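Structural overview
What follows is each chain in one-letter form.
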Amino acid sequence: MTLKTLTAVAAVLATLAAGVAPAAADALADIMAAKKIRVATDMAIPPSGMLDANLQPTGSDVETAKLLAADWGLELEFVQTTGATRIPNLQTNKADIVISTLSVTPQRAEVIDFSRPYAALQSVVGAPKASTITGWDDVRGQAITVTRGTTQDTELTSLASEKGFTVTRYDDDATMVTAAVSGQAKMVATSATLVNQIGQRNPDLAYEPKFVIRTFDLAIGLRKNEPELKAKLDEWVGANLKNGKLNEIYQRFHGSALPPEMLQ
């Protein structure tokens, strides 16, 4: 081994001994260099994500992603996802961010980071109008249908034993909605908006929200330890809440305004 090689090896060992780690990846820099942002969005959860009559993506989350890409001067690439694959798409670097009705929860915050909330989701138990369900006491001995990997799945799984109901799971919102519209699912736990969509698709059953489970903040998901990207997303969300653009998108697709405290 030459003196030059020994010197190089010694320098590497000294660096490691000093605890100096290699430079961390910078997702924001990578996105800007690529001039493209990859956004994981579920296209089967109307009115947040869906395909229009021309099979083009639309919905509140879709329009939010389009606004973000336009503001940042980037090409937008949608990465199709489901409730269960949103976070794995981030962790495996298939997507740069998630904009897909992603509720902020302590469990998720352990594995990913969130932007400032850009919207809200009212999680409810829904059933046909004729149903007399008004609270947890009324669901004992019955099955509640959820979409796998959603906040409703997580929350109801933890409550099932205590409240005495069972949980039936579908892999995506589209099949869950079909089960409810056809009458196969007698009760669902999902967003109030989606329950109303079910009601519109089958007026005879007239599904409606029966009681609120919880109201969640919706935020943009990103990988852990990306402070530059998080700061830029937070700034963008704040600016577009203040100028009313995010509220206009939400109101156009959901029929109601964002909570007033979110707009401050």
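Criteria and cut-off values
- Note on numbering: residues in each chain are counted from 1, in written sequence order.
- In view of the model being predicted, local features appear only for residues whose pLDDT reaches at least 70, and side-chain atom pairs are presented and counted only at 80 or more, with totals across whole chains, interfaces and linings using the full set of residues.
- To get the side-chain values, all heavy atoms of the structure are used, and hydrogens and water are removed first.
- For each residue, the accessible area found with a 1.4 Å probe, counting protein chains only, is set against the maximum for its type, and the residue is called buried under 20%, exposed over 50%, and partly exposed in between.
- A helix here means a DSSP run of H or I that spans at least four residues, while a strand means a run of E at least two residues long, and both kinds are numbered starting from the N terminus.
- Directions drawn from the helix axis to the C-beta atoms are what define this arc.
- Any two residues having at least one pair of non-hydrogen atoms within 4.5 Å are treated as being in contact.
- Here the aromatic set is Phe, Tyr and Trp, taking the six-membered ring for Trp, and pairing holds for ring centres within 6.5 Å; pairs whose planes are under 30 degrees apart are stacked, those over 60 apart are edge-to-face, and all others are tilted.
- We count a charge as sitting over a ring when the NZ of a lysine or the CZ of an arginine lies within 6 Å of the ring centre and within 35 degrees of the ring normal.

A separate point is helix 10 (residues 245-254). The periodicity of an α-helix, 3.6 residues per turn, causes residues three or four positions apart to be oriented the same way. Taken as a whole, helix 10 has its buried residues at Leu-246, Asn-247, Ile-249, Tyr-250, Phe-253 and His-254. Along the long axis of helix 10, the arc covered by the buried residues comes to 160 degrees, so they all point the same way. Contacts made by the buried residues of helix 10 are with strand 2 (50-51), strand 3 (57-58), helix 3 (60-72), strand 7 (119-127), helix 8 (192-201) and helix 9 (227-242).

Time to look at the packing of aromatic side chains. Geometrically, a pair of aromatic rings is defined through the distance of the ring centres and the angle of the planes. Tallied over the full model, the rule gives two aromatic pairs. Considering the side-chain rings of Trp-136 and Phe-165, the 5.7 Å spacing of their centres and the 15 degrees angle between planes classify their relative orientation as stacked. Here the residue Trp-136 occupies a position in the loop between strand 7 and strand 8 (143-147), and Phe-165 occupies one in the loop between helix 6 (151-163) and strand 9 (166-170), the gap between them amounting to 29 residues. The two residues Trp-136 and Phe-165 agree in class, both being buried. A centroid spacing of 5.0 Å and a plane angle of 75 degrees characterise the contact between Trp-136 and Phe-211, whose relative ring orientation is edge-to-face. With a gap of 75 residues between them, Trp-136 in the loop between strand 7 and strand 8 and Phe-211 in strand 11 (residues 208-218) connect regions that are remote in the sequence. Look at Phe-211 and you get buried, because its relative accessible area is 10%. Joined through ring pairs, the aromatic side chains of Trp-136, Phe-165 and Phe-211 make up one cluster. Looking at Lys-232, its charged tip hangs above the ring of Trp-72, at a distance of 5.0 Å from the centre.

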